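Fold and geometry: a report
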2 protein chains.
Amino acid sequence: MNYLNLSASEIKTEKEALLKQYENYKGMGLSLNMARGKPAPEQLNLSQPLLDSLKSTDSYISADGTDCRNYGGFDGIIECKGLFADILETSPENVFVGGNSSLNMMFDTISCFMTASIYEDTLPWHDVKERKFLCPVPGYDRHFGVTGYFGFEMIPVPMKADGPDMDVVEKLVSEDESIKGIWCVPKYSNPTGITYSDEVVKRFAALKPAAKDFRIMWDNAYAIHDVTDTPDKLLSIIDECKKTGNEDLPILFCSTSKITFSGAGVAALAASPLNMKVLKKRLTFATIGYDKLNMLRHARFFKNFDGVKAHMEKHKAILAPKFKTVLDKLSTELADANIAEWTNPNGGYFVSVNVYKGTAKRVVELCKEAGVVLTGAGATFPNCDDPENRNIRIAPSFPGVDELSLAMDIFCVCAKLAALEVLE
Amino acid sequence: MNYLNLSASEIKTEKEALLKQYENYKGMGLSLNMARGKPAPEQLNLSQPLLDSLKSTDSYISADGTDCRNYGGFDGIIECKGLFADILETSPENVFVGGNSSLNMMFDTISCFMTASIYEDTLPWHDVKERKFLCPVPGYDRHFGVTGYFGFEMIPVPMKADGPDMDVVEKLVSEDESIKGIWCVPKYSNPTGITYSDEVVKRFAALKPAAKDFRIMWDNAYAIHDVTDTPDKLLSIIDECKKTGNEDLPILFCSTSKITFSGAGVAALAASPLNMKVLKKRLTFATIGYDKLNMLRHARFFKNFDGVKAHMEKHKAILAPKFKTVLDKLSTELADANIAEWTNPNGGYFVSVNVYKGTAKRVVELCKEAGVVLTGAGATFPNCDDPENRNIRIAPSFPGVDELSLAMDIFCVCAKLAALEVLE
């Protein structure tokens, strides 16, 4: 039933039927959550042996002879540098291993550039009064939170099926010296799940920004997080930037938050020698070193990159049916109605749904009243400002399949109801 | 033999005898290190059971029901808030539990105030061009490193036997609005080992700084780190500041780096509601939360504050003979010569020695040539500038007693040699 072709009376009948279903759901007193990209307990259980990978009787000495219990080892143990280099497709010497959060490393990176010049003849960004940052939309709310906190004007850039609209990016960065960077989740993007095409990566590597200190925040959070057997392949931005002589453009981030434990994983960044010099100058005063015992625990648990990949297969086995549930429900319940669009990601943690124009907030509200919590409407846009009020991020990972199925039924009813409220 | 009363020929004879000893030590090809306040392996061994306190079969749920493996728990688990509240003598609601490093939390605190105003009508410190920070000397080199990195002019304040010279502190902060804070290690101070007297703490609490956003960085790193059976007692700065209505003045820091594992402990800060609001506004964008599994590991290992105190008795048993060795050697070898002064701390990690005026660098150099590494001369002063070139920080914790004894023999010979070079 294509909602766009319904007569007034057909709308009335359909709405009444939906309202009946909706009231029925409300009566169930549910409490379901599809708000955040949190791994489910079964996923965390996969890493339970990690808790035994460094017992009191095991050696606490890393491969290079460091006592991981004591001070030292500023930039991380060599085992973890190797693992993260494999994940980020670079060399261990470009890697700095940090604490439990890549978000924290991204925040610190921006914080560093706020008060320290990247080049002798550029200003700390705090001193650039009209500082701006590019934000592909829809995107990751916590990225926008960081640049929002530091007072950047955030310029939305449309996301296409193969990445940010590079015509827009190229034009903006070549013209405006106060644009200091761009947020990217290049693989299984948050929330659309798309992966940047080779052409997009090449165009990023070939950027000629007006600002010498323009930086690409390349958050490769889902580098190895497939949910289908037809995974996407991302071109290496580091390799491409070497070809163009732009190796200082990108700074790469990743973590094991969605590999082992979200709250107790290990994070890392990779950067060119110049960027690393600026960052390490700060870090050398900021810490004596991050938690090396947790690094060692991870290295022992995985043994090598093959161990990481084998582990990710287990995550896939848990996540794949959840993504299928979401996509099947959307397809069954919303395709005919012609009021919504969504993506079919091969990995990552989200499905991005564009509901009927102008109804995202209403859908989230209706869902909430029926006990289904979604990410706030607009959260995927800087300052929560979704100009078309359309985008909703669905996070299928945390609930069980049955819960998810029910939550999606409710979501679809709410999406249809909200659309009809506008169409009537 | 009082060196100050020696005749030229007596000096010559004494110097020749010392040189003979010195060359003898050099010939031994030693490699001894008294440079940093690193716990010894035997101290780290005390916490080895911590590695088993959270096994794969144990509950990973904290007292308030949080799955410590997953995201969430922004300001730390309730168990650790309680432990740190006990250590810092405050209430759990004033505590924020962080990562593995209190230095990192101090750095982040200064970093926060660099770009964020503490009050609506005060400037971010980055915008205060002539910003200054008070640095009691001798003090902790890494403190000075933080404010040095952020471009503060660092003003040395003399340390007395009961804390910083408060006449100087009061005068400076009341006159100069660009003085934004002071570094304090109030108990078993780094490096002198003294504890601030009640009067000094009360005078800190009663400060009337010209800068509304002046802050006391109260690094209580050695709060429970006694090395004798006559421990010092520090007045609570939080209680005193409540009495004076100055509760926003201090921010307190501590960690388990010298309780459990230096590289993999847990750190915390305590702050007034206003300071906490400013800091949390930043932290909420900087992280989803720190490593809760490590917090849980610590909480399970100690059970309660009594467990922490019992554990510290074991550290004391290891450290006490080392401090005794250092102090005995200084007393036996240097007291009569009348060329040096030192402190007799009841706790902490250091013995501060003032060698003969103008000879600290030479002593460190002589020691190094004989295979004994000391903290660089001057390190205890901002910008490594010890105007009298006298102060040397001795860190007795890492070497074994035999090594330490030998290293101290060498140190004393070097101190005497360097003094005679000047006296002759």
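Report on the accompanying structure. (Residues numbered from 1 in each chain as written. Chains lettered and ligands numbered in written order. Predicted model: local features only at pLDDT ≥ 70, side-chain atom pairs only at ≥ 80, totals over all residues. Heavy atoms only, no water.)

1. Some points on the interface of chain B and chain A
- Listed per partner, the contact involves 61 residues of chain B and 61 residues of chain A.
- Here chain B packs against chain A, burying approximately 4900 Å² in sum over the two surfaces, 52% of which is carbon and sulfur.
- At the surface where chain B touches chain A, the tally comes to 0 salt bridges.
- Applying the counting criterion to the chain B and chain A interface returns 27 residue pairs in polar contact (both at pLDDT 80 or more).
- Where the side of chain B that touches chain A is concerned, the elements lending two or more residues are α2 (41–45), α4 (102–115), α5 (141–149), α9 (273–286) and α10 (292–302) of chain B. (Contact = heavy atoms within 4.5 Å. Buried area = accessible area lost by both parts, 1.4 Å probe. Salt bridge = Lys/Arg side-chain N within 4 Å of Asp/Glu carboxyl O. Polar contact = N/O pair within 3.5 Å; in protein donor to acceptor, adjacent residues only side chain to side chain. Helix = DSSP H or I, 4+ residues; strand = E, 2+ residues; numbered from the N terminus.)

2. Examining the relation of the copies chain B and chain A
- When chain B is fitted onto chain A, the two copies agree to an RMSD of 0.0 Å after a turn of 180° and an axial shift of 0.0 Å. Within this description, the copies of the chain are treated as partners about a two-fold rotation axis.
- Same-surface contact between copies: 100% of interface residues of chain B are shared with the interface of chain A. (Least-squares fit on C-alpha atoms with pLDDT ≥ 70 in both.)

3. A few points about the packing of aromatic side chains
- For the structure shown, the criterion picks out 32 aromatic pairs over all chains.
- Plain terms: the ring middles of F74(A) and F96(A) are 5.2 Å apart, the flat faces sit at 80° to each other, and that makes the pair edge-to-face. Taken together, the residues span a long stretch of sequence, with F74(A) in the loop between α2 (41–45) and α3 (78–88) and F96(A) in strand β2 (residues 95–97) at a distance of 22 residues.
- By relative accessible area, F74(A) is classed as partly exposed at 21%.
- Using a relative accessible area of 1% as the deciding quantity, one classes F96(A) as buried.
- When the centroid spacing of 6.4 Å and the interplanar angle of 65° are considered together, the rings of W125(A) and F133(A) count as edge-to-face. For the pair shown, W125(A) and F133(A) are each scored as buried.
- Here the aromatic cluster, defined as three or more aromatic residues joined through ring pairs, consists of F113(A), W125(A), F133(A), F152(A) and W183(A).
- The positively charged end of K212(A) is found above the aromatic ring belonging to Y119(A), 4.9 Å away from the centroid.
- The ring of Y60(B) carries R69(B) above its face, with NZ or CZ at 3.5 Å from the centroid. (Phe/Tyr/Trp six-rings, centres within 6.5 Å; stacked < 30°, edge-to-face > 60°. Buried < 20%, exposed > 50% of the residue type's maximum accessible area, 1.4 Å probe, protein only. Lys NZ or Arg CZ within 6 Å of the ring centre and 35° of its normal.)

4. So, the pattern of salt bridges
Residue and element names in this part refer to chain A.
- Tallying each qualifying case throughout the model produces 56 salt bridges over all chains.
- In this structure, K357 and E388 form a salt bridge, with 3.8 Å as the shortest nitrogen-oxygen distance. Of this pair, K357 sits in the loop between β11 (351–354) and α12 (360–369) while E388 sits in the loop between β12 (372–374) and β13 (391–394); the two residues are 31 residues apart in sequence, bridging distant segments of the chain.
- On the accessibility criterion, K357 (51% relative accessible area) is exposed.

5. A closer look at the state of the cysteines
All names here are of chain A.
- As enumerated under the stated definition, the model contains 0 disulfides over all chains in all.
- Looking at the unpaired C384, the closest cysteine sulfur is the one in C135, lying at 12 Å.
- Using a relative accessible area of 48% as the deciding quantity, one classes C384 as partly exposed. (Disulfide = S-S within 2.5 Å.)

6. A word on the sheet that holds strand β13 (residues 391–394) of chain B
Residue and element names in this part refer to chain B.
- With antiparallel pairing, 3 strands are arranged side by side in an open sheet as β10-β11-β13. Each having just a single partner strand, β10 (341–342) and β13 make up the two edges of the open sheet.
- Relative to strand β11 (residues 351–354), β10 is paired through 2 bridges, and the arrangement is antiparallel. Across the sheet, the residue bridging to W342 is V353, located in β11. (Pairing = 2+ DSSP bridges.)

7. A look at unusual backbone geometry
- Of note, the amide linkage connecting V137(B) to P138(B) takes the cis form, showing an omega dihedral of -5°.
- Note that P138(B) resides in the loop between β3 (132–137) and α5.
- A positive phi angle, near 70°, is found at K303(A), a position not held by glycine.
- For K303(A), the location among the structural elements is in the loop between α10 (292–302) and α11 (305–334).
- Residue classification places K303(A) among the exposed positions, given a relative accessible area of 69%.
- Although it is not a glycine, N389(A) adopts a positive phi angle of roughly 50°.
- Position of N389(A) among the secondary structure elements: in the loop between β12 and β13.

8. As for helix α12 (residues 360–369) of chain B
Residues and elements named next belong to chain B.
- Every buried residue belonging to α12 is among A360, V363, V364, L366 and C367, and all of these are buried. For α12, the buried positions fall inside an angular range of 165° around the axis, keeping them on one side. Among the exposed residues of α12, those oriented more than 90 degrees off its buried face are K361 and K368.
- Considering only its buried residues, α12 is in contact with α1 (8–26), β12 (372–374), β13 and α13 (401–423).
- Looking at the residues trailing α12, positive phi occurs at G371, about 90°. (Arc of directions from axis to C-beta.)

Function-wise, these values are silent; they only describe arrangement.
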